[in-house]
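Listed below are the residues making up each chain.
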Number of protein chains: 2
Amino acid sequence: MEAALNEKIDAFLHLKGLRRTAQRDVIIEAAFGTKEHFTADELWEMAKSIDPATSRATLYRTLNLLVESGLLREIDLGRDQTCYDPNFVEHPHHNHLICLNCRRVVEFEDPHLEVLGDCITRRLGFIPSTKGVRIEADCEEFRTTGTCSRRE
Amino acid sequence: MEAALNEKIDAFLHLKGLRRTAQRDVIIEAAFGTKEHFTADELWEMAKSIDPATSRATLYRTLNLLVESGLLREIDLGRDQTCYDPNFVEHPHHNHLICLNCRRVVEFEDPHLEVLGDCITRRLGFIPSTKGVRIEADCEEFRTTGTCSRRE
DNA sequence: GTTTCTGCAAAGGTTTTGCAACAAA
DNA sequence: TTTGTTGCAAAACCTTTGCAGAAAC
C-alpha cells in the first residue's frame, strides 16, 4: 500500500478513536489495489482473494468508514448498486463521463470546467467545494450502429 | 394534466401496444402534479391522496414505464433511494446542483456549460446526447457556521 | 374474445444490526 | 482492563414478480 494513503488512514482512525485491524487492512488493500470502480460485492471478491475469510458485514462497515474518511467516494454510474471510486486520493478533482448505453465510464479533468463550475455554484448562492461533475452521453458506436458492443 | 404531456403519454403507450388505465392516470397525475423531485415512496403517498387504493406494485411498474418513455428521469441526489425528476418535459436541458451537507437541490441551465460539456464529450470520443451535469457543493450556511438548518 | 393490467403476497437482492466472543490499545 | 471489532444470523429495506381475476381494446 502507498505510504501516503497509509498515513491518511492512520490519521483518520486515530482521530475517531478507531482501531487498525487485520480485517480492515485486507479490505483497504483490496479497495486501493485497483483503479477500477467497484461495487460492494466486487470488492468482497477482491478482498476474499487476499483473505478468503473476509466477511460481508465487516466489508460493509469498513466501506462506510472509508467513505466517511473521504478516501473513497460513492459515485453513481447508473447501475443498480452503489459504486465506489478509489481514485480520488490521487486525483481529487476528476470527473466522470458515462455512456448511457453501455455504461462505460471515462474519468477526466478540465480546468475550464473547474472555473465555470465554480462560477455557476457561486451564482446560485453556494460555495464551491468538493465538485464532482458528471456528464452523460452516448458512445460513438451506439450513435452510429444503434447498439454498442460493450453493452452489458 | 397538461395537454402536451397527455399526448406524449398516449403516443408512448400506443407505440408500445400498452393500455391507458385509471390506475396509471392516477400515478401520472401525481408524478407531474409536482415540480419537486420524489422517491417511489413519496410518489406513492401523493398517488394515494388522489386514490387511496393505489398499489405499490402498479406504482413501481408505472414508474418504470415513465422512465422508459423519457417523460420522467431518474436522478441521483445522493439519497438512499432513487429519486425521480418530473421537470424534464418542460426543461429538457436542466442540470442539478446538490448541497452535500443538507441535500438541497437547485436546478439550473447554463449555455456556457452546455457548450463546454459538448466539447469535453467530443474530446473524449463520445457524441453528446442527453447531458445531465451534476455539481456538488456546500451551501453558504454550512461553510459559515459548520452546519445547516436544512439538514435532514 | 384476446391481450394486457392489477393487486396481492411472496420472493429477490442489497445493506444493516443485535449479540456474544474476540482483539487492539 | 477497557473499549472497539468481528462474524454470524436475522432483520430491514426497497423493488420485482408469479399468478388469478379484472379490465381495456
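Note that the structure is predicted; figures quoted are calculated from it, not measured.

(A) Highlighting the packing of helix 3 (residues 40-50) of chain A against helix 4 (residues 56-69) of chain A. Residues and elements named next belong to chain A. With their axes 10 Å apart at the nearest point, helix 3 and helix 4 run at an angle of 115 degrees to one another. Handedness of the helix 3/helix 4 crossing: right-handed. Every residue of helix 4 that contacts helix 3 at Ala40, Asp41, Leu43, Trp44 and Ala47 is listed here: Arg56, Leu59, Tyr60 and Leu63. Along the lines of polarity and charge, the residues of the contact of helix 3 with helix 4 split into seven nonpolar, no polar and two charged.

(B) Geometry of the interface of chain B and chain A. Between chain B and chain A, the residue contacts involve 34 residues of the former and 34 residues of the latter. Between chain B and chain A, roughly 3,000 Å² of surface is buried when both sides are summed, and carbon and sulfur atoms account for 65% of that area. Linking chain B with chain A are two salt bridges, by the criterion used here. Close ionic contact of Arg123 of chain B with Asp110 of chain A constitutes a salt bridge, the shortest N to O distance being 2.3 Å. Going through the elements one at a time, strand 4 (95-99), strand 5 (105-108), helix 5 (111-123), strand 6 (126-128), strand 7 (134-139) and helix 6 (140-145) of chain B are the ones with two or more residues in the side of chain B that touches chain A. Top contributing element to the side of chain B that touches chain A by residue count: helix 5 of chain B, with seven residues. For the side of chain B that touches chain A, the per-class residue count stands at 16 nonpolar, seven polar and eleven charged. Across three bridges, the pairing between strand 6 (residues 126-128) of chain A and strand 7 of chain B is antiparallel. Paired with Pro128 of chain A across the bridge in strand 7 of chain B is Ala137 of chain B.

(C) Expanded view of the relation of the copies chain B and chain A. When chain B is fitted onto chain A, the two copies agree to an RMSD of 0.1 Å after a turn of 179 degrees and an axial shift of 0.0 Å. The superposition of one copy onto the other is thereby described by a two-fold rotation axis. Of the residues that chain B buries at the interface, 100% are likewise interface residues in chain A, meaning the two copies contact each other through the same surface.

(D) Structural detail: the domain arrangement of chain A. All names here are of chain A. The domain architecture assigned to chain A consists of domain 1 (3-85) and domain 2 (95-145). The C-alpha centroid of domain 2 is placed 25 Å from the C-alpha centroid of domain 1. In this assembly, seven residues from domain 1 lie in contact with seven residues from domain 2. The junction of domain 1 with domain 2 conceals about 610 Å² of combined surface from both sides, 51% of it contributed by carbon and sulfur atoms. When the area that domain 1 buries against domain 2 is broken down by residue, the three leading residues are Arg73, Asp76 and Leu77, summing to 56%. Put simply, domain 1 and domain 2 have one salt bridge between them. With its nearest N and O atoms 2.7 Å apart, the salt bridge here joins Asp76 to Arg134. Our count for the contact surface shared by domain 1 and domain 2 stands at three residue pairs in polar contact (both at pLDDT 80 or more).

Rules and cut-offs
- Residues numbered from 1 in each chain as written.
- Chains lettered and ligands numbered in written order.
- Predicted model: local features only at pLDDT ≥ 70, side-chain atom pairs only at ≥ 80, totals over all residues.
- Heavy atoms only, no water.
- Axes fitted to C-alpha atoms, helices over the stretch in contact; angles between N-to-C directions.
- Helix = DSSP H or I, 4+ residues; strand = E, 2+ residues; numbered from the N terminus.
- Left-handed = near helix turned anticlockwise from the far one by under 90°.
- Contact = heavy atoms within 4.5 Å.
- Nonpolar A, V, L, I, M, F, W, Y, C, P; charged D, E, K, R; others polar.
- Buried area = accessible area lost by both parts, 1.4 Å probe.
- Salt bridge = Lys/Arg side-chain N within 4 Å of Asp/Glu carboxyl O.
- Pairing = 2+ DSSP bridges.
- Least-squares fit on C-alpha atoms with pLDDT ≥ 70 in both.
- Domains from an automatic or database assignment.
- Polar contact = N/O pair within 3.5 Å; in protein donor to acceptor, adjacent residues only side chain to side chain.

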